Amino acid sequence: MILPARPFVLIRHGQTDANRDGIIAGRTEAQLTEAGRAAARALASWGWPEPLALFSSPQHRARETAALAFPSRRAAPIEGFRERDWGRFEGQPVAEAPPRHQTPEGGEGWSDMIARVERALATAIETAGAALPVIVAHSGVIRAARVVTGGRDDGPSPANTTPLLFAPTGSGWLESQLEKEQQWTA
């Protein structure tokens, strides 16, 4: 599958109790903390471009973040933006997670997740039409999107509630962190 060469924004959900406590949440329904809710609400004051098409993971933490960050919009959930299933490691300390490229017992393989996220990104970009696709999802989804756009999946986890712009260039894709006073150009 070839990803449509159109810019899109990915935002990791607000801080959850699992993030705060260093626990693997994956498919588990972790809850936003008050700090996570406040950071999501702060995104509502950003100067977002129009038109904008909002999508999210179907998981509660991503849907709640999208609702707080974009209170006048309804996010369309896309199943493919769900976080990785960590199998028997769900609920365990992050320090006990197996290497990313290893399939966790009872969980989802990394290459399967990358393929799933690629399909979901293509769906969001195509559904958005002329609008900028903005997707609220998870750390694993952002790492998979990096691979899909030619980047690396290692390094620290993407920060909560930090918008990342993925933009096609003549030679691939460029990922950049957005700022509140971002100047949008056509």
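Computed from a predicted model, the values in this text were never measured in an experiment.

A. Here's a closer look at the sheet that holds strand S2 (residues 52-56). In space, the six strands of this open sheet follow the order S3-S2-S4-S1-S5-S6, with mixed pairing throughout. On the outer flanks of this sheet lie strand S3 (76-77) and strand S6 (172-177), each paired with one strand and no other. In the packing of helix H4 (residues 110-128) onto the sheet, contacts are made with strand S1 (8-12), S2 and strand S4 (132-137), and the angle to S4 comes to roughly 140°.

B. Looking closely at the nonpolar core. Among the nonpolar cores identified, the biggest contains 27 residues, and Phe8, Leu10, Phe55, Phe81, Leu121 and Ile135 are the most heavily contacted of them. Of all the secondary structure elements, the ones that give two or more residues to this core are S1, S2, H4, S4, helix H5 (139-148) and strand S5 (164-169). Tallying contributions element by element places H4 first for this core, with ten residues. Contact partners of Phe81, with chain neighbours within four places excluded, come to Phe55, Ser56, Ser57, Arg116, Val117, Ala120, Leu121, Ala124, Ile135, Ala137, His138 and Val141. Listed in part, the 18 residues of the second largest apolar core include Val9, Ala62, Ala69 and Val136.

C. Here's a closer look at the packing of H4 against H5. Between H4 and H5, the least distance of the axes is 9 Å, while the angle of their chain directions is 80°. Relative to H5, H4 is oriented roughly perpendicular. Residues Trp110, Met113, Ile114, Val117, Glu118 and Leu121 of H4 form the contact with H5, whose own contacting residues are Gly140, Val141, Arg143, Ala144, Ala145, Val147 and Val148. In terms of residue class, the contact of H4 with H5 is built from ten nonpolar, one polar and two charged.

D. Seen up close, the pattern of salt bridges. Evaluated as defined, the whole model comprises ten salt bridges. Of the charged contacts, one joins Glu79 and Arg82 as a salt bridge, the two residues approaching to 2.6 Å between their closest N and O atoms. A salt bridge links Glu108 to Arg116, with the nearest nitrogen and oxygen atoms 2.8 Å apart. Overall, Glu108 belongs to the buried group, its relative accessible area being 12%. Relative accessible area serves as the criterion here: at 11%, Arg116 is assigned to the buried category. Shared partners join several salt bridges into a network, and the residues in it are Arg27, Glu108 and Arg116.

Rules behind the numbers
Residues numbered from 1 in each chain as written. Predicted model: local features only at pLDDT ≥ 70, side-chain atom pairs only at ≥ 80, totals over all residues. Heavy atoms only, no water. Pairing = 2+ DSSP bridges. Helix = DSSP H or I, 4+ residues; strand = E, 2+ residues; numbered from the N terminus. Contact = heavy atoms within 4.5 Å. Axes fitted to C-alpha atoms, helices over the stretch in contact; angles between N-to-C directions. Core = buried A, V, L, I, M, F, W, Y, C linked by side-chain atoms within 4.5 Å. Buried < 20%, exposed > 50% of the residue type's maximum accessible area, 1.4 Å probe, protein only. Parallel < 35°, antiparallel > 145°, perpendicular 65-115°, else oblique. Nonpolar A, V, L, I, M, F, W, Y, C, P; charged D, E, K, R; others polar. Salt bridge = Lys/Arg side-chain N within 4 Å of Asp/Glu carboxyl O.

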